[in-house]
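Take a look at the letters that make up each chain.
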Amino acid sequence: MKCPRTGTVLKTIKVGGIKVEVSESCGGVFFDNFELDNFKSSKDPRGNALVNHLKQFSKSLPNERERISCPKCSDTVMMRRYYSPLKVIEIDECPGCAGIWLDTGELEKMQDNELSERELALLRAYMVEKNTAPTIDSPKHRFMPTQESSRMEKVLELAMNVVRWY
Ligand SMILES: [Zn+2]
């Protein structure tokens, strides 16, 4: 398999028993279907290990916004889509094999924007009550303890563009 950004050969590494394909020329990474689930949390040692491994190859590329072909099924163009309801991270996903390509820094960004169960619950309750996506101007919610409000503000800010929670 070749790096869709640089054309160099991807290196297969094993992290916590799971194989991923790493580009040592740009710090991008390819995951087979569902493999990403094992790495998306910063609390998971595997997630940490992979982010640290990728960092040493990190290089921003001029063609990062260009559409790419799947490293696995090379004649299939990958689709860009938002990773989560919080539209912070765009990922490239193959419509053929459901593999996912992340450019350099994207896994780390994904982990930084991970919401805790409690934050998800607060956000869900907020949205159900408002029956809408929250906006940055929304008044602070009464069930939100003060010490959590600044973090929640960030969460709400991220969620501003949410169209549909599920
Ligand atoms: Zn594919």
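Residues numbered from 1 in each chain as written. Predicted model: local features only at pLDDT ≥ 70, side-chain atom pairs only at ≥ 80, totals over all residues.

Asker: How should I be thinking about the overall build of the protein chain in this particular structure?
Answerer: When its secondary structure is counted, the protein chain shows 4 helices and 6 strands. Counting from the amino terminus, helix and strand elements in the protein chain follow one another as β-β-β-α-β-β-β-α-α-α. The proportion of buried residues among the 166 residues of the protein chain is 26%. Counting contacts in the protein chain only where the partners sit at least 6 residues apart, residues at least 24 apart contribute 54% of the total. (Helix = DSSP H or I, 4+ residues; strand = E, 2+ residues; numbered from the N terminus. Buried ≥ 20, exposed ≤ 12 C-beta atoms within 10 Å, placed from the backbone. Contact = placed C-beta atoms within 7 Å.)

Asker: Would you mind going over the pairing of strand E2 (residues 18-22) with me for this structure?
Answerer: Here is the key point about a regular strand: its side chains alternate between the two faces of the sheet. With 5 bridges joining them, strand E1 (residues 11-15) and E2 adopt antiparallel strand pairing. Paired with lysine 14 across the strands is lysine 19, a residue of E2. The hairpin turn running from E1 into E2, its antiparallel successor, is 2 residues long, and glycine 16 in that turn takes a positive phi close to 55°. Sheet topology note: the E2/strand E3 (residues 29-31) ladder contains 2 bridges and is antiparallel. Across the sheet, the residue bridging to valine 22 is valine 29, located in E3. (Pairing = 2+ DSSP bridges.)

Asker: Before we go on, may I ask you to explain the sheet that holds strand E6 (residues 100-102) in this structure?
Answerer: Here we have 6 strands laid out as an open sheet, ordered E1-E2-E3-E6-E5-E4, and antiparallel in their pairing. The open sheet has two free edges, formed respectively by E1 and strand E4 (79-82), since each of these has just one partner strand. Taking each pair of neighbouring strands and ignoring which way they run, the sheet shows an average axis angle of 35°. (Axes fitted to C-alpha atoms, helices over the stretch in contact; angles between N-to-C directions.)

Asker: How should helix H1 (residues 45-55) be read in this particular structure?
Answerer: A turn of α-helix holds 3.6 residues, and therefore any two residues three or four places apart point the same way. Residues Gly47, Leu50 and Leu54 constitute the buried set of H1. Looking down the long axis of H1, one finds its buried residues gathered within 70° of arc, a one-sided arrangement. Summarising the geometry of H1, the exposed residues directed more than 90 degrees from the buried face are Pro45 and Asn52. (Arc of directions from axis to C-beta.)

Asker: Explanation requested: unusual backbone geometry in the structure shown.
Answerer: Here phenylalanine 34, not a glycine, exhibits a phi torsion of approximately 70°, which is positive. Since 10 C-beta atoms lie within 10 Å of it, phenylalanine 34 is described here as exposed. One non-glycine residue, alanine 98, adopts positive backbone phi at about 65°. Tracing the chain through its elements places alanine 98 in the loop between strand E5 (90-93) and E6. Exposure remark for alanine 98: the 14 C-beta atoms within 10 Å place this residue in the partly exposed category.

Asker: Honestly, the nonpolar core in this entry has me stumped. Any pointers?
Answerer: Soluble globular proteins tend to bury their nonpolar side chains together. The biggest cluster of nonpolar side chains holds 21 residues, and the ones touching the most others in it are Val20, Val29, Phe30, Phe31, Ile100, Leu102 and Leu107. Of all elements in the fold, only E2, E3, H1, E6 and helix H2 (106-112) reach the threshold of two or more residues within this core. In this view, leucine 102 contacts Gly28, Val29, Ile91 and Leu107; residues no more than four positions away in its chain are not counted. (Core = buried A, V, L, I, M, F, W, Y, C linked by C-beta atoms within 7 Å.)

Asker: Looking at this structure, how should I read the environment of asparagine 38?
Answerer: Looking at where asparagine 38 falls in the secondary structure, it is placed in the loop between E3 and H1. Considered as a pair, asparagine 38 and isoleucine 18 are 20 residues apart in the sequence and their alpha carbons are 8.4 Å apart. Excluding anything up to four places from it in sequence, asparagine 38 contacts Ile18 and Arg46.

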